[in-house]
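Breakdown of the fold
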Amino acid sequence: QVHLVESGGGSVQAGGSLRLSCAISARSFSGYRAAWFRQAPGKEREFVAAIRWSTGNTEYSDSVRGRFDLSRNSAQNMMSLQMNSLKPDDTAVYFCAFGWGNPRRSNEYDAWGQGTQVTVSS
């Protein structure tokens, strides 16, 4: 049984920054990945970034690489996504996820948070 809760969403002007956090409750983190996905109205859920919990190794989608930074605090079971140079196309509901398998496939994560809205205005 895994529970995740996102926080930190809000509204910001283009070029600004936001920091999202995800609190994770799980029996074990060994061998698992945590990730961020996003979904804009009328569009498919999109991979953003993922982190291997044991090592801290990260990977990013092409659209956010160089602008977003993913990290985790193992002692606090917390994952954070620092989002810089935000664009209107980043507007979406952002979800954190936890699971095993291909980190870029949403259907291979078995636990999801409720989502937090990020709105970027031009």
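These notes cover the structure that comes with them. (Residues numbered from 1 in each chain as written. Predicted model: local features only at pLDDT ≥ 70, side-chain atom pairs only at ≥ 80, totals over all residues. Heavy atoms only, no water.)

What follows deals with the pairing of strand S9 (residues 92-99). Across the eight residues that make up S9, a large majority, seven, are buried. The pairing of strand S4 (residues 33-39) with S9 spans seven bridges and is antiparallel. Each bridged residue has a counterpart across the sheet, and for Phe37 the counterpart in S9 is Phe95. Pairing of S9 with strand S11 (residues 116-121), which is carried by three bridges, proceeds in the antiparallel orientation. Within S11, the position partnered with Ala92 by the bridge is Val118. (Buried < 20%, exposed > 50% of the residue type's maximum accessible area, 1.4 Å probe, protein only. Helix = DSSP H or I, 4+ residues; strand = E, 2+ residues; numbered from the N terminus. Pairing = 2+ DSSP bridges.)

Let us now look at the state of the cysteines. If you walk through the whole model with that rule in mind, you get one disulfide. Between the sulfur of Cys22 and that of Cys96 lies a disulfide, 2.2 Å long from S to S. A torsion of 65° about the S-S bond marks the disulfide between Cys22 and Cys96 as right-handed. Of this pair, Cys22 sits in strand S3 (residues 18-25) while Cys96 sits in strand S9, placing them 74 residues apart in sequence. Here Cys22 and Cys96 have matching classes, each one buried. (Disulfide = S-S within 2.5 Å.)

A separate point is unusual backbone geometry. Excluding glycine, most residues fall at negative phi; most peptide bonds, likewise, are trans. Of note, the phi angle at Asn77 is positive, near 50°, even though the residue is not glycine. As for its placement among the helices and strands, Asn77 is situated in the loop between strand S7 (68-73) and strand S8 (78-83). Of note, Ser85 is a non-glycine position whose phi angle comes to about 50°, a positive value. Note on placement: Ser85 falls in the loop between S8 and S9.

What follows deals with the sheet that holds S3. One open sheet holds the four strands; their spatial order is S1-S3-S8-S7, and the pairing between them is antiparallel. In this open sheet, the two edge strands, each paired with only one partner strand, are strand S1 (3-7) and S7. Strand-to-strand twist of the sheet, defined as the mean angle between neighbouring strand axes without regard to direction, takes the value 15°. Note: S3 against S8, six bridges, orientation antiparallel. Bridge pairing in S8 places Ser21 opposite Ser80. (Axes fitted to C-alpha atoms, helices over the stretch in contact; angles between N-to-C directions.)

None of the figures reported here should be taken as evidence of function without further support.
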